[in-house]
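# Architecture at a glance
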Amino acid sequence: EDQVTQSPEALRLQEGESSSLNCSYTVSGLRGLFWYRQDPGKGPEFLFTLYSAGEEKEKERLKATLTKKESFLHITAPKPEDSATYLCAVHQTGANNLFFGTGTRLTVIP
Amino acid sequence: EPEVTQTPSHQVTQMGQEVILRCVPISNHLYFYWYRQILGQKVEFLVSFYNNEISEKSEIFDDQFSVERPDGSNFTLKIRSTKLEDSAMYFCASSSSSYLGRGGYTFGSGTRLTVV
């Protein structure tokens, strides 16, 4: 069965304390892995797409990496404005939709 | 920056009533989608729409649901007879390609549907 599992469910960091979020996936064929940010009461906001193992993407304090079984979202020196839920989603071969994980709720404390 | 616009932002309806959720996708996008998110749960795919027809739908999208592009700009989701379990945030999304490339989808801010 295809699955996307994110861990931890929730993460509290002090401002400046770097950490990583994990997304493990089991799909029959991966066309792309997506990271989104979701603020409370808002729609997901696109961050990154990764297509193949070994690929890395960076944007400001965020860096996403991909292996054949999982992806990491590394947050370097986070700020309070990075507080949000981070969603991982996979685009599977033969499908025209995204399959989401349950997300990691990140809180960065000043 | 182009946006996907959804209205209303919040709708309360009585069980058994019909509701229509409205979306204005990004103007040059060709592929349209509805997703929903029950409070505290993951975002779930409902339906994709291209060239005036449904291209893919999930098990959630049963006969109670329908989608329509009534004109060149709007994209609607209708729930014929709402149930309590339809209470959720409904997100519209659009993309320029079926190959969910560089940007994936652009999501709207959602409509919070509360069925009482």
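### Examining the overall build of chain A
A count of helices and strands for chain A gives zero helices and eleven strands. In sequence order, the secondary structure elements of chain A are arranged as β-β-β-β-β-β-β-β-β-β-β. Based on the C-alpha atoms only, the size of chain A along its principal axes is roughly 45 × 30 × 20 Å. Across the 110 residues that make up chain A, the buried fraction comes to 48%. Summarising the internal contacts of chain A: among those between residues at least 6 apart in sequence, 55% fall at separations of at least 24. Summed over all atoms, the accessible surface of chain A reaches about 5,200 Å², with 47% contributed by carbon and sulfur. Positive and negative side-chain charges in chain A, numbering 12 and 14 respectively, have mean positions lying 2 Å apart.

### Some thoughts on the packing of aromatic side chains
Counted by the stated rule, this structure contains 18 aromatic pairs over all chains. Ring centres of A:Phe34 and A:Tyr36 lie 6.4 Å apart, and the angle between their planes is 20°; this geometry places the pair in the stacked category. Classification of A:Phe34 by relative accessible area gives buried; the value is 0%. The interplanar angle of 40° and the centroid separation of 5.2 Å between the aromatic rings of B:Phe49 and B:Phe75 together place this pair among those described as tilted. Of the two residues, B:Phe49 is situated in strand S5 (residues 43-50) and B:Phe75 in strand S8 (residues 75-79); the sequence distance between them amounts to 26 residues. B:Phe75 carries the same exposure label as B:Phe49, and that label is buried. Ring pairs connect the aromatic residues A:Phe34, A:Tyr36, A:Phe46, A:Phe100, B:Tyr33, B:Tyr35, B:Phe45, B:Phe91, B:Tyr105 and B:Phe107, which therefore count as one cluster.

### What about the interface of chain B and chain A?
Of the residues lining the interface, 23 residues belong to chain B; the matching set on chain A comes to 21 residues. For the pair chain B and chain A, the summed buried surface comes to about 1,800 Å²; carbon and sulfur atoms form 52% of the total. On the surface where chain B and chain A come into contact, there are zero salt bridges. Our enumeration of links across chain B and chain A arrives at five residue pairs in polar contact (both at pLDDT 80 or more). Breaking the side of chain B that touches chain A down by element, the ones donating at least two residues are strand S4 (31-37), S5, strand S6 (53-57) and strand S9 (88-95) of chain B. Broken down by element, the side of chain B that touches chain A gets its largest block of residues, four residues, from S4(B). The residue makeup of the side of chain B that touches chain A, split by class, is eleven nonpolar, nine polar and three charged.

### Details of the sheet that holds strand S8 (residues 70-75) of chain A
Residue and element names in this part refer to chain A. Taken together, five strands build an open sheet; the order of strands is S1-S3-S8-S7-S6 and the sheet is antiparallel. Edge positions in the sheet fall to strand S1 (3-7) and strand S6 (56-59), since each of these pairs with one other strand and no more. On average, each strand axis in the sheet is inclined to that of its neighbour by 15°, with strand direction left out of account. Bridge count between strand S7 (residues 62-66) and S8: five bridges; the pairing is antiparallel. In the strand pairing of S8, Lys63 is matched with His74.

### What to know about the nonpolar core
In this structure, A:Leu33, A:Trp35, A:Leu73 and A:Tyr86 are the most contacted members of the largest nonpolar core, which totals 23 residues. At the level of elements, strand S2 (10-14), strand S3 (19-26), strand S4 (30-38), strand S5 (45-50), S7, S8, strand S9 (84-92) and strand S11 (104-109) of chain A are the ones that each hand at least two residues to this core. Top contributing element to this core by residue count: S9(A), with four residues. Not counting residues within four places of it along the chain, the set of residues in contact with A:Leu73 comprises A:Ser19, A:Ser20, A:Leu21, A:Trp35, A:Phe48, A:Leu62, A:Lys63, A:Ala64 and A:Tyr86. Residues B:Val19, B:Leu21, B:Leu46 and B:Phe65 belong to the second largest nonpolar core, which totals 21 residues.

### Description of the pairing of S8(A)
Residues and elements named next belong to chain A. Because side chains alternate across S8, one face comprises the buried residues Ser71, Leu73 and Ile75, and the other comprises Glu70, Phe72 and His74, none of which is buried. Where S3 meets S8, six bridges bridge the pair, whose relative direction is antiparallel. Its bridge partner lying in S8, Ser20 is registered against His74. A loop of three residues connects S7 with S8, the two strands running antiparallel in sequence.

Cut-offs and rules
- For every chain, the first residue of the written sequence is number 1, and numbering continues from 1 onward in sequence order.
- Following the order in which they are written, the chains are lettered starting with A and the ligands numbered starting with 1.
- Thresholds applied to this predicted model are a pLDDT of at least 70 for local features of residues and 80 or more for the giving and counting of side-chain atom pairs; totals over whole chains, interfaces and linings are not thresholded and use all residues.
- Only hydrogens and water are removed before side-chain values are computed, so all heavy atoms of the structure are retained for them.
- Elements are defined by DSSP. Helices are runs of H or I of four residues or more, strands are runs of E of two residues or more, and each kind is numbered from the N terminus.
- Only protein chains enter the calculation, and the probe is 1.4 Å; a residue is then buried if its accessible area is under 20% of its type maximum, exposed if over 50%, and partly exposed in between.
- In this description, contact between two residues means that some pair of their heavy atoms is separated by no more than 4.5 Å.
- For the accessible areas, the method is Shrake-Rupley and the probe is 1.4 Å, while residue cover comes only from the protein chains on display.
- Counting rule for charge: Lys and Arg are taken as positive, Asp and Glu as negative, and neither His nor the chain ends is counted.
- Where a charge lies is defined by one atom per residue type, namely NZ (Lys), CZ (Arg), CG (Asp) and CD (Glu).
- We call Phe, Tyr and Trp rings a pair once their centres come within 6.5 Å, taking the six-membered ring for Trp, and we label the pair stacked below 30 degrees between planes, edge-to-face above 60, and tilted otherwise.
- Two parts lose some accessible area (1.4 Å probe) when they are put together, and adding that loss for both gives the buried area.
- Here, a salt bridge means any Lys or Arg side-chain nitrogen found within 4 Å of an Asp or Glu carboxyl oxygen.
- Nitrogen and oxygen atoms within 3.5 Å of one another constitute a polar contact, given that in protein one can donate a hydrogen and the other can accept it, and given that sequence-neighbouring residues count only through two side-chain atoms.
- Just so you know the grouping, Ala, Val, Leu, Ile, Met, Phe, Trp, Tyr, Cys and Pro go in nonpolar, Asp, Glu, Lys and Arg go in charged, and all remaining residues, Gly too, go in polar.
- By this definition, two strands are paired if DSSP reports at least two bridges between them.
- Between the N-to-C directions of two axes lies an angle of 0 to 180 degrees, each axis being a line fitted to C-alpha atoms and, for a helix, fitted only over the stretch in contact.
- Throughout this description, the term nonpolar core refers to a set of buried Ala, Val, Leu, Ile, Met, Phe, Trp, Tyr and Cys residues connected via side-chain atoms within 4.5 Å.

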